[in-house]
Amino acid sequence: MSELLMTDSQINDGTDIAGNFREVHNKIITISKRTDREGGEVTLVAVSKVQPVAKIEAALTAGHRVFGENRIQEAQSKWPALKALYPDVTLHLIGPLQTNKAKDAVALFDVIETLDRPKLAEALKQEMDRQDLHRPCYIQVNTGEESQKAGVALADVDFFVAKCRDDIGLNIVGLMCIPPADEEAALHFALLRDIARRNGLEFLSMGMSGDFEAAVELGATHVRVGTAIFGAREHG
Ligand SMILES: *Cc1c(COP(=O)(O)O)cnc(C)c1O
């Protein structure tokens, strides 16, 4: 096909957003079938951090509605206007959250995926009550026990889930992890799945551009995919 024949969703750097969505969706469906899962069980969270608004608009035009951002301030600069145009958007917070940003996070994000400490849980609960916006939360687990990475330590997860759910009263719906870059991601996905099962949690947010197929195979209900949809990020 001639390079001059651009599709509707193709934008000026040549990224074909709709085509990339189709490709990722098809891979999810292929894996789901092979492993006896229904493709509909996997939600694709399109990670739009650092991407220009034109690319997000192309994704919205292509019909996509679930997005992930990792920084409050950046999300605040892009999403209020986009959400006004597309009120059915669901925005996931997938980056670290400071306690003093809980108010902003609750106001803008529909889902919080990075709950990892009691102080933050208390602050989120207080803000959710105050704003009357009861956002579903995931607990981030530091499956690789990496000192520089956010997330609850493996030894503390069961206790923390119970504390957030039963004592603090948050709506804990699942677990999230980011495996160490230099390890077999599948081992971490299997570990996260087992922790979710024994705690009776329904959702598993795991898998990124490089490993979402393995994650789907191991039971991911949500995959967080950025580069494979929007192309390489310019920075960040
Ligand atoms: C950036 C990011 C992603 C997406 O990564 P890609 O490799 O671009 O798909 C997923 N999850 C988190 C937490 C991220 O920060």
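No experiment lies behind these values; they were computed from the predicted model shown.

**Quick look at the overall build of the protein chain**
Here's step 1: Across its full length, the protein chain holds 9 helices and 8 strands.
Here's step 2: Against the 2.2 N^0.38 benchmark of 18 Å for 236 residues, the protein chain shows a C-alpha radius of gyration of 18 Å, consistent with a compact globule.
Here's step 3: Summarising its shape, the C-alpha atoms of the protein chain cover approximately 60 × 40 × 30 Å along the three principal directions.
Here's step 4: Residues classed as buried in the protein chain amount to 51% of the 236 residues present.

**Quick look at helix α2 (residues 53-61)**
Here's step 1: Looking only at α2, the buried set comprises Lys 55, Ile 56, Ala 58, Ala 59 and Leu 60.
Here's step 2: Along its buried surface, α2 packs onto α1 (17-34), β2 (66-69), α3 (72-85) and α9 (227-230).
Here's step 3: One or two residues past the end of α2 sits Gly 63, with phi positive at roughly 100°.

**Comments concerning the packing of helix α5 (residues 118-131) against helix α6 (residues 157-168)**
Here's step 1: Relative to each other, α5 and α6 sit at 25°, their axes nearing to 11 Å. When the axes of α5 and α6 are compared, the pair comes out roughly parallel. Note that α5 runs across α6; the crossing there is right-handed. In this structure, α5 contributes Pro 118, Ala 121, Glu 122 and Lys 125 to the contact, and α6 contributes Phe 160, Lys 163, Cys 164 and Ile 168.
Here's step 2: Looking at side-chain class alone, the contact of α5 with α6 contains 5 nonpolar, no polar and 3 charged residues.

**What to know about the site of the ligand**
Here's step 1: By nearness alone, every residue bordering the ligand is listed as Val 47, Lys 49, Ile 94, Met 176, Ile 178, Met 208, Ser 209, Arg 224, Val 225, Gly 226, Thr 227 and Arg 233.
Here's step 2: Note that an oxygen atom of the ligand is positioned 2.5 Å from one of the side-chain N or O atoms of Ser 209.
Here's step 3: Burial of the ligand by the protein amounts to 90% of the accessible area it has alone, namely 390 Å².
Here's step 4: Within the shell around the ligand, the residues separate by chemical class into 6 nonpolar, 3 polar and 3 charged.

**Digging into the side chain of Lys 78**
Here's step 1: Position of Lys 78 among the secondary structure elements: in helix α3.
Here's step 2: Among the residues examined, Lys 78 registers a relative accessible area of 8% and is labelled buried.
Here's step 3: In this structure the side chain of Lys 78 is engaged in a polar contact, spanning 3.0 Å, whose partner is the backbone oxygen of Ser 48.
Here's step 4: With sequence-adjacent residues up to four places away left out, Lys 78 is seen in contact with Ser 48, Lys 49, Val 50, Gln 51, Val 53, Ile 56 and Glu 69.

**Thoughts on the pattern of salt bridges**
Should the charged atoms of two oppositely charged side chains come close, the side chains can pair.
Here's step 1: With the rule as written, the count across this model stands at 13 salt bridges.
Here's step 2: With a shortest N-O distance of 3.1 Å, Asp 88 and Arg 65 are connected by a salt bridge. Here the residue Asp 88 occupies a position in the loop between α3 and β3 (90-93), and Arg 65 occupies one in the loop between α2 and β2, the gap between them amounting to 23 residues.
Here's step 3: Classification of Asp 88 as partly exposed rests on a relative accessible area of 49%.
Here's step 4: In this structure, Lys 149 and Glu 146 form a salt bridge, with 2.9 Å as the shortest nitrogen-oxygen distance.
Here's step 5: For Lys 149, a relative accessible area of 22% translates into the label partly exposed.

Rules used throughout
Residues numbered from 1 in each chain as written. Predicted model: local features only at pLDDT ≥ 70, side-chain atom pairs only at ≥ 80, totals over all residues. Heavy atoms only, no water. Helix = DSSP H or I, 4+ residues; strand = E, 2+ residues; numbered from the N terminus. Rg over C-alpha atoms; globule rule 2.2 N^0.38 Å. Buried < 20%, exposed > 50% of the residue type's maximum accessible area, 1.4 Å probe, protein only. Contact = heavy atoms within 4.5 Å. Axes fitted to C-alpha atoms, helices over the stretch in contact; angles between N-to-C directions. Parallel < 35°, antiparallel > 145°, perpendicular 65-115°, else oblique. Left-handed = near helix turned anticlockwise from the far one by under 90°. Nonpolar A, V, L, I, M, F, W, Y, C, P; charged D, E, K, R; others polar. Near = heavy atom within 4 Å. Polar contact = N/O pair within 3.5 Å; in protein donor to acceptor, adjacent residues only side chain to side chain. Areas by Shrake-Rupley, 256 points an atom, 1.4 Å probe, with all protein chains shown as cover. Salt bridge = Lys/Arg side-chain N within 4 Å of Asp/Glu carboxyl O.

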